[in-house]
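These are the residues of each chain, in order.
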Amino acid sequence: MILGAELFERMTTLGIAVNLVPYMTGTMHLGNAAAANTVTNFIGTSFMLCLLGGFIADTYSADTSPSSSSSPSKPRFGVMILTISTAAPGLRPPACSDPKGGSPDCVEANGSQLGVLYLGLFLTALGTGGLKSSMSGFGSDQFDESDDGERKKMMRFFNWFYFFVSIGALLAVTVLVYVQDNVGRRWGYGICAVGILAGLAVFLSGTRKYQFKKLVGSPLSQVAAVTTAAWSKRALPLPSDPDMLYDVDDAAAAGEDIKGK
């Protein structure tokens, strides 16, 4: 179930990214630099938002499941907006008389048209960022590492996990690109939207079977707390004996108490 959701997520993200430049230049009539920059921003935002998605899942969610937040719905809404943007005539500029561009009647997309397109792209990036940061960790939570049999199952899970990731990427750069170029981009994005809905349905179908671990807090919160404490105490005088900077005796005593118990 987790594997199916990851397959559709990867297929959708790459299906949008790998063929976006031709759409930005040929349909939205932007320059090559602006089109390439859009793709870079989309992919970069997807990966940068993994930090935010992981932080929210580890710190504030009721459990560590990707379904505990609204992240799965974000790519769904984002791809739907992209599909509408490519299908509705008013959300893209009129076609040029010269398909290669450069003709006098070739008009760039206006702010509203680009705004709808960017809204769909970055909602998709927000959702995929949340899924990328949580899906593999949530999968590992389903196994008990202290049990040899469970540990072997977890290894097989990750083998299948990356296999499905690769299958999703393969479908994106072959089937989806072909559909977008030869059938219609709205059909290609429509497949992505259906894929996201199917992945979400498959994932949610196993909710009752999932194991949820208690929150342990995000490492980012601990790093921030230590950094804040160090900065607030930066003006304190150093002790005369450098050994006083370390609680070696307390740590050793705690270790002895554990052994005694």
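Residues numbered from 1 in each chain as written. Predicted model: local features only at pLDDT ≥ 70, side-chain atom pairs only at ≥ 80, totals over all residues. Heavy atoms only, no water.

(A) A look at the pattern of salt bridges. A full pass over the atoms with the stated rule returns one salt bridge. Between Glu150 and Lys153 there is a salt bridge, with the nearest N and O atoms lying 4.0 Å from each other. With Glu150 and Lys153 both in helix H6 (residues 148–182) and three residues apart, this pair spans about one turn of that helix. Residue class for Lys153 comes out partly exposed when judged on its relative accessible area of 41%. (Salt bridge = Lys/Arg side-chain N within 4 Å of Asp/Glu carboxyl O. Helix = DSSP H or I, 4+ residues; strand = E, 2+ residues; numbered from the N terminus. Buried < 20%, exposed > 50% of the residue type's maximum accessible area, 1.4 Å probe, protein only.)

(B) Structural view of the side chain of Thr38. In this fold, Thr38 is placed in helix H3 (residues 32–59). For Thr38, a relative accessible area of 6% corresponds to the buried category. Once residues lying within four places of it in the same chain are set aside, the contact partners of Thr38 are Leu20, Met24, Tyr118 and Leu121. (Contact = heavy atoms within 4.5 Å.)

(C) Representation of the nonpolar core. With 23 residues, the main nonpolar core has Ile16, Leu20, Met24, Met28, Leu117 and Leu121 as its most contacted residues. If you list the elements that add at least two residues to this core, you get helix H1 (2–17), helix H2 (20–26), H3, helix H4 (73–87), helix H5 (111–140), H6 and helix H7 (185–204). Ranked by residues supplied to this core, first place goes to H5 with four residues. (Core = buried A, V, L, I, M, F, W, Y, C linked by side-chain atoms within 4.5 Å.)

(D) Summary view of the packing of H6 against H7. In the contact formed by H6 and H7, the axes pass within 6 Å of each other and the chain directions differ by 150 degrees. Contacts between H6 and H7 involve Leu176, Val179, Gln180 and Asp181 from the first element and Arg185, Trp187, Gly188, Tyr189, Ile191 and Cys192 from the second. Residue composition of the contact of H6 with H7, grouped by class: six nonpolar, two polar and two charged. (Axes fitted to C-alpha atoms, helices over the stretch in contact; angles between N-to-C directions. Nonpolar A, V, L, I, M, F, W, Y, C, P; charged D, E, K, R; others polar.)

(E) Highlighting the side chain of Thr12. Mapped onto the fold, Thr12 is located in helix H1. A relative accessible area of 1% means that Thr12 is categorised as buried. Beyond its immediate stretch of four places on either side in the chain, Thr12 contacts Val79, Cys192 and Ile196.

(F) Local environment of unusual backbone geometry. Notably, His29 is not glycine yet its phi reads approximately 60 degrees, a positive angle. Looking at where His29 falls in the secondary structure, it is placed in the loop between H2 and H3.

(G) Main features of the packing of H5 against H6. Interhelical geometry of H5 versus H6 gives an angle of 150 degrees and a closest axis separation of 10 Å. For the element pair H5 / H6, the angle class is roughly antiparallel. For the pair H5 and H6, the crossing hand works out as right-handed. Only Met154, Phe157, Phe158 and Phe161 of H6 make contact with H5, whose side of the interface consists of Met135, Ser136, Gly139 and Ser140. Considering only residue class, the contact of H5 with H6 consists of five nonpolar, three polar and no charged. (Parallel < 35°, antiparallel > 145°, perpendicular 65-115°, else oblique. Left-handed = near helix turned anticlockwise from the far one by under 90°.)

(H) Expanded view of H5. For H5, built from 30 residues, the straight-helix expectation of 44 Å at 1.5 Å per residue is met to within 8% by its first-to-last C-alpha distance of 44 Å. Its maximal kink placed at Ser134, H5 deviates by approximately 30 degrees. At the N-terminal end of H5, a side-chain oxygen is found 3.2 Å from the backbone nitrogen of Ser112, two or three residues along, and the residue is Asn110. (Expected span 1.5 Å × (residues − 1). Bend = angle between axes of the 7 residues up to and from the residue. Polar contact = N/O pair within 3.5 Å; in protein donor to acceptor, adjacent residues only side chain to side chain.)

(I) View of H7. Between the first and last C-alpha of H7 there are 29 Å, a value that for 20 residues agrees with the 28 Å anticipated at 1.5 Å per step. Among the residues of H7, Arg185, Gly188, Tyr189, Gly190, Cys192, Ala193, Gly195, Ile196, Gly199, Leu200 and Phe203 are the ones counted as buried.

(J) Looking closely at the packing of aromatic side chains. Counted by the stated rule, this structure contains eight aromatic pairs. Seen from their ring centres, Phe157 and Phe158 are 5.1 Å apart, and the 75 degrees between their planes marks the pair as edge-to-face. The class of Phe158 is partly exposed, set by a relative accessible area of 24%. These aromatic residues form a ring-pair network of at least three members: Phe157, Phe158, Phe161 and Tyr162. Just above the ring of Trp231 sits the side chain of Arg234; from NZ or CZ to the centre is 4.0 Å. (Phe/Tyr/Trp six-rings, centres within 6.5 Å; stacked < 30°, edge-to-face > 60°. Lys NZ or Arg CZ within 6 Å of the ring centre and 35° of its normal.)

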